[in-house]
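Remarks on the overall topology
Here is what each chain is made of, one letter per residue.
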Amino acid sequence: MQRDPWHNDFPMTPARVAEIIAADLPDFPDPQVAVLGEGWDYTTFLVDSEWVFRFPKRRQWVRQLARERKVLDALAAPLARQSVAIPHYRYHVEAPVLSKVAYVGYRFLSGEPLVDCHADSLDNTAIARQLGVFLRLLQAATPTRKPRTYHDQFPSDLIAFRQELDESSVALPPAIAEECRMALERAPAIDREAPRFQHGDLGVEHILVDRDRSEIVSIIDWGDAGWGNRIADLVGLWAWGGDRAVRAALPEWGQTLASHDWTRLRQWGIAYAVGSAYYGYKDGRDPLHATALGWLERMHDAGQLIDPGTSDA
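Conventions adopted
- Residues numbered from 1 in each chain as written.
- Predicted model: local features only at pLDDT ≥ 70, side-chain atom pairs only at ≥ 80, totals over all residues.
- Heavy atoms only, no water.
- Helix = DSSP H or I, 4+ residues; strand = E, 2+ residues; numbered from the N terminus.
- Rg over C-alpha atoms; globule rule 2.2 N^0.38 Å.
- Buried < 20%, exposed > 50% of the residue type's maximum accessible area, 1.4 Å probe, protein only.
- Areas by Shrake-Rupley, 256 points an atom, 1.4 Å probe, with all protein chains shown as cover.
- Axes fitted to C-alpha atoms, helices over the stretch in contact; angles between N-to-C directions.
- Left-handed = near helix turned anticlockwise from the far one by under 90°.
- Contact = heavy atoms within 4.5 Å.
- Nonpolar A, V, L, I, M, F, W, Y, C, P; charged D, E, K, R; others polar.
- Lys, Arg positive; Asp, Glu negative; His and termini not counted.
- Salt bridge = Lys/Arg side-chain N within 4 Å of Asp/Glu carboxyl O.
- Polar contact = N/O pair within 3.5 Å; in protein donor to acceptor, adjacent residues only side chain to side chain.
- Expected span 1.5 Å × (residues − 1).
- Arc of directions from axis to C-beta.
- Pairing = 2+ DSSP bridges.

A word on the overall build of the protein
Counting its secondary structure elements, the protein contains eight helices and ten strands. Expected size for 313 residues packed as a compact globule is a radius of gyration near 20 Å; at 20 Å, the protein falls within 12% of this value. With respect to the three principal axes, the spread of C-alpha positions in the protein is 60 × 45 × 45 Å. Counting across all 313 residues of the protein, residues that qualify as buried make up 51%. Surface summary for the protein: the accessible area is close to 14700 Å², and the carbon and sulfur share equals 51%.

Dropping the structure here:
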């Protein structure tokens, strides 16, 4: 039987995590542990109400944890004076006594995932502007060297998104499923832009906000940080808030988008929404599936599924 891509080879319970942490870290002789969340690659636990510990679900992500820590350490100083917090790994246990995989811990960062906030429930322009400022500072930090060669991953990623659509289309309205199929069959424009340093997985599940103040308070999950297409970090924002949100972010980011950039961004955003609907449907996460379906319905109403070159203005 084929396993889902987010399968967990090392399932953990709060009791088991408490044993592991107590055996490795004298700072936690009797840790109080609760499940915080689970994504494609990691399970996270809240420890003593103030620490987050991340455990890889598969061995392949152990090396990524070490790389992520180096990137975050390098970003700490350049991003220290702006308002959005990023994780700082206080603990990195590479050879646990009671666990087969390394794990990390950082101080809990507050905020509600933006994916859980409807775009109309807060000031999405303020959120977008703040994100634009953050992206400008992030790209200026560039903590790793620019690669000698750059390969655009999006065209090959579309293959995976098409498969996800095939597997989850039964949970989508037929008209929307068919239009998504049309959108994802189109070959994207050739990427001629120089790569930029980026978060690399800036979906709205990784942007934590203070809903009352319409502010981003922290950005998490930096395992894919690196060099890539300059619009990649806008994809989640577009799926969540559409053209208007991206247009609000662009001046603060210090960038402009040509028409082919907008088309690529919308197609990428459609793919991200399809992927979110797929994960929600296959993993039984009904709220996520409903949210992603809402995004797709908005794109359908604007005609962007049929033609990603269409503005929603």
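That shown, we press on.
Topic: the packing of helix α6 (residues 235–253) against helix α8 (residues 286–302)
Following both chains from N to C, one finds α6 and α8 inclined at 35°, their axes separated by 10 Å at the closest point. Where α6 crosses over α8, the two elements pack in a sense that is left-handed. Contact residues: W238, A239, W240, G241 and G242 in α6; W295, R298 and M299 in α8. Residue composition of the contact of α6 with α8, by class: five nonpolar, two polar and one charged.

Thoughts on the side chain of D24
Structurally, the position occupied by D24 is in helix α1 (residues 14–24). Buried within the structure, D24 lacks any salt-bridge partner; its nearest side chain of opposite charge belongs to R16, at an N-O separation of 9.2 Å. Within polar-contact distance, the side chain of D24 engages the side chain of Y103 at 2.6 Å. Those residues in contact with D24 that sit more than four places away from it in its chain are V93, P96, V97 and Y103.

Notes on unusual backbone geometry
A positive phi is found at D48, a non-glycine position, where the angle reads about 55°. With respect to the helices, strands and loops of the structure, D48 is situated in the loop between β2 (42–47) and β3 (51–56). Backbone geometry at T142 places phi at a positive 35°, although glycine is not the residue there. Note on placement: T142 falls in the loop between α3 (124–141) and α4 (154–168).

Topic: helix α5 (residues 174–185)
The terminal C-alpha atoms of α5, which comprises twelve residues, lie 17 Å apart, in line with the 16 Å expected from a rise of 1.5 Å per residue. For α5, the set of buried residues is I176, A177, E179, C180, A183 and L184. One face of α5 carries all of its buried residues, which in axial projection span an arc of 165°. Facing away from the buried side of α5 by over 90 degrees, the exposed positions are P174 and E185. On the buried face of α5, the contacting elements are α4, α7 (259–282) and α8.

Here we look at the sheet that holds strand β6 (residues 112–113)
Paired through their backbone hydrogen bonds, the strands of a sheet run either parallel or antiparallel. Read from one edge of the open sheet, three strands run β6-β8-β9, paired in antiparallel fashion. Taken across any chain shown, the strands that pair with only one partner, and hence form the sheet edges, are β6 and β9 (215–219). By the bridge criterion, two bridges tie β6 to strand β8 (residues 207–210) in an arrangement that is antiparallel. Bridge pairing in β8 places E112 opposite V209. Contacting β8 and β9, α3 runs over the sheet at an angle of about 40° to β9.

Things to note about α4
Owing to its 3.6 residues per turn, the α-helix brings residues three or four apart onto one side. The end-to-end C-alpha separation of α4 is 20 Å, in line with the 21 Å expected for 15 residues at 1.5 Å each. The set of residues buried in α4 consists of F154, L158, F161, E164, L165 and S168. Down the axis of α4, the smallest arc covering the buried residues is 120°, so these residues share one side. Exposed positions of α4 whose direction lies more than 90 degrees from the buried face are I159 and D166. Looking at the packing, one finds that the buried side of α4 touches α5 and α7.

Things to note about the environment of Y279
By the element assignment, Y279 lies in helix α7. Separated by 240 residues in the primary sequence, Y279 and G39 place their C-alpha atoms 9.6 Å from one another. With residues near it in sequence (within four places) discarded, Y279 still touches W6, E38, G39, W40, G284, R285 and L288. Engagement of the side chain of Y279 in a polar contact is seen with the backbone oxygen of G39, the distance being 3.5 Å. There is a polar contact of 3.1 Å between the side chain of Y279 and the side chain of R285.

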